[in-house]
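# Observations on the three-dimensional arrangement
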Amino acid sequence: MIDMTTENHKPDTIISDHHIDITGFICPMTFVRTKLMIEKIAVGDVLEVRLKGNEPLENVPKSARQHGHTILGIKPESTEADIYTLWIKKEA
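These notes cover the structure that comes with them.

Each value, and the rule that gives it
- Residues numbered from 1 in each chain as written.
- Predicted model: local features only at pLDDT ≥ 70, side-chain atom pairs only at ≥ 80, totals over all residues.
- Heavy atoms only, no water.
- Helix = DSSP H or I, 4+ residues; strand = E, 2+ residues; numbered from the N terminus.
- Buried < 20%, exposed > 50% of the residue type's maximum accessible area, 1.4 Å probe, protein only.
- Pairing = 2+ DSSP bridges.
- Axes fitted to C-alpha atoms, helices over the stretch in contact; angles between N-to-C directions.
- Contact = heavy atoms within 4.5 Å.

Another point: the environment of Thr79. Mapped onto the secondary structure, Thr79 falls in the loop between β3 (70-78) and β4 (83-89). Given the relative accessible area of 54%, Thr79 is considered exposed. Separated by 26 residues in sequence, Thr79 and Gly53 place their C-alpha atoms 9.7 Å apart.

Structure (structure tokens):
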């Protein structure tokens, strides 16, 4: 089951500092690419991740939380294409 819980931010009000598109990758590379980007950004910055498919939709937010980061929001971009946008705030 996909954990869609967030910190109750409205996705339309989240301002991203960085963007990454991982729609062309499959697990585990989806989180590897996301993790590498998170490592490059400053604490407190928000990373916007564009992803595709149920497996990344479930695994990327879960893995980000396990690494201590905050999921600010998840929003479907195109349900027909199975594409979502995820916002991650880098924590210390």
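The next point concerns the environment of Lys62. Secondary-structure assignment places Lys62 in helix α2 (residues 54-66). Looking at Lys62, the relative accessible area reads 40%, which means it is partly exposed.

Let us now look at the sheet that holds β4. Judged by pairing direction, the sheet is mixed, and its 4 strands sit side by side in the order β1-β2-β4-β3 without closing on themselves. This sheet does not close on itself; its edge strands, each paired only once, are β1 (18-21) and β3. Taken over all neighbouring pairs, the strand axes of this sheet differ in orientation by 20° on average, direction set aside. Inspection of the sheet shows strand β2 (residues 46-52) paired to β4 by 7 bridges, in the antiparallel sense. Opposite Val46, over in β4, you have Lys89 as the bridge partner. Strand contacts of helix α1 (residues 29-40): β1, β2 and β4, with the helix running at about 165° to β1, the strand carrying the most contacts.

Right, let's get into the environment of Ala81. Relative to the elements of secondary structure, Ala81 occurs in the loop between β3 and β4. Given the relative accessible area of 30%, Ala81 is considered partly exposed. Separated by 29 residues in the primary sequence, Ala81 and Lys52 have C-alpha atoms spaced 7.7 Å apart.

Here we come to the pairing of β4. The element β4 is extensively covered by neighbouring structure, given that 6 of its 7 residues are classed as buried. Once β3 ends, the chain turns through 4 residues before running back antiparallel as β4, passing Asp82 with a positive phi of about 60°.

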